[in-house]
Amino acid sequence: MLIGALLRVPAQAIQRRLINGLNAAGFDELRLPHMAVLQFPGPDGARPGTIAERAGMSKQAINQLLRSLESFGYIVRSDVPGEGSARIVRFTERGHAAFSKMVDILRDIEDEWRAELGPERFAQLKGLLFVVWDSPLAR
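Residues numbered from 1 in each chain as written. Predicted model: local features only at pLDDT ≥ 70, side-chain atom pairs only at ≥ 80, totals over all residues. Heavy atoms only, no water.

Undergrad: What is the right way to read the environment of Gln60 from this model?
TA: In this fold, Gln60 is placed in helix α4 (residues 59-71). Here the alpha-carbon distance between Gln60 and Gly49, two residues 11 residues apart in the chain, equals 9.4 Å. (Helix = DSSP H or I, 4+ residues; strand = E, 2+ residues; numbered from the N terminus.)

Dropping the structure here:
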């Protein structure tokens, strides 16, 4: 199996787990497409164009997701003072709560992976992923 599938399949499983966990915790409106906005490091304090770039999506597509999240009460978009039509995204209280729940779910996932792989192999996996993260391979 090639590296793309080996990375994609676990990432998709994690995203599904996040959405299922968020839905079970009362964040019923969130769906997989919202993960493009909510993924690390999250949208709080970012401009829509930056969020689109992180997600590898068009600004139009991200703005649709932002409108959706705004209508559900997770974010607000506001003008940047002194910067014309520039906008910035901020979490609402509900958005902060959802993002905090995501961190809890991710910690649970890490605990499960650590138990499945063993602490040493899990540390190796995470260490190698950090090497890739900091390398030109991830750009």
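Undergrad: Any chance you could explain the packing of aromatic side chains here in plain terms?
TA: Any pair of aromatic rings gets described here by the distance separating the centres and the angle formed by the planes. By the definition in use, this model includes 3 aromatic pairs. Between Phe91 and Phe99, the ring centres sit 5.4 Å apart and the planes meet at 45°, which makes this aromatic pair tilted. Judged by relative accessible area, Phe91 falls into the buried class, the value being 10%. (Phe/Tyr/Trp six-rings, centres within 6.5 Å; stacked < 30°, edge-to-face > 60°. Buried < 20%, exposed > 50% of the residue type's maximum accessible area, 1.4 Å probe, protein only.)

Undergrad: What am I meant to see in helix α1 (residues 3-24) here?
TA: Residues spaced three or four apart along an α-helix face the same direction, because each turn holds 3.6 residues. Compared with the 32 Å implied by 1.5 Å per residue over 22 residues, the 32 Å span of α1 between its first and last C-alpha is a close match. What α1 keeps buried is the set Ala5, Leu18, Ile19 and Leu22. Relative to the axis of α1, the buried residues are bounded by an arc of 155° and lie together on one face. Relative to its buried face, α1 has exposed residues pointing more than 90 degrees away, namely Asn20 and Ala24. On its buried face, α1 is in contact with α2 (35-38) and α5 (93-117). (Expected span 1.5 Å × (residues − 1). Arc of directions from axis to C-beta. Contact = heavy atoms within 4.5 Å.)

Undergrad: How should the nonpolar core be read in this particular structure?
TA: By size, the foremost hydrophobic cluster in this structure holds 24 residues, and its most contacted members are Leu22, Leu30 and Ile62. If you list the elements that add at least two residues to this core, you get α1, α2, α3 (48-55), α4, β2 (87-91) and α5. Contacts of Leu22, omitting those with residues within four sequence positions, involve Phe27, Leu30, Ala98, Lys101, Met102 and Ile105. (Core = buried A, V, L, I, M, F, W, Y, C linked by side-chain atoms within 4.5 Å.)

Undergrad: Sorry if this is basic, but what is going on with the environment of Thr50 here?
TA: Tracing the backbone through its elements, the reader meets Thr50 in helix α3. According to the relative accessible area criterion, Thr50 is partly exposed, its value standing at 36%.

Undergrad: Just to check I follow, could you spell out the pattern of salt bridges for this structure?
TA: In this structure the tally under the stated criterion is 8 salt bridges. In this structure, Glu70 engages Arg77 in a salt bridge whose closest nitrogen and oxygen atoms are separated by 2.9 Å. A residue is classified by how much of its surface remains accessible, and Glu70, at 28% relative accessible area, is partly exposed. Judged by relative accessible area, which is 15%, Arg77 ranks as buried. Asp79 serves as the salt-bridge partner of Arg87, at 3.0 Å between the closest nitrogen and oxygen. Put simply, Glu110, Asp111, Arg114 and Lys126 are held in one network by salt bridges that share partners. (Salt bridge = Lys/Arg side-chain N within 4 Å of Asp/Glu carboxyl O.)

Undergrad: How do you make sense of the environment of Ile109 when you look at a structure like this?
TA: Tracing the backbone shows Ile109 in helix α5. Each C-alpha atom, one on Ile109 and one on Lys59, is 31 Å from the other, the two residues being 50 residues apart in sequence. Ignoring sequence-local partners within four residues, the contact set of Ile109 consists of Ile14 and Arg17.

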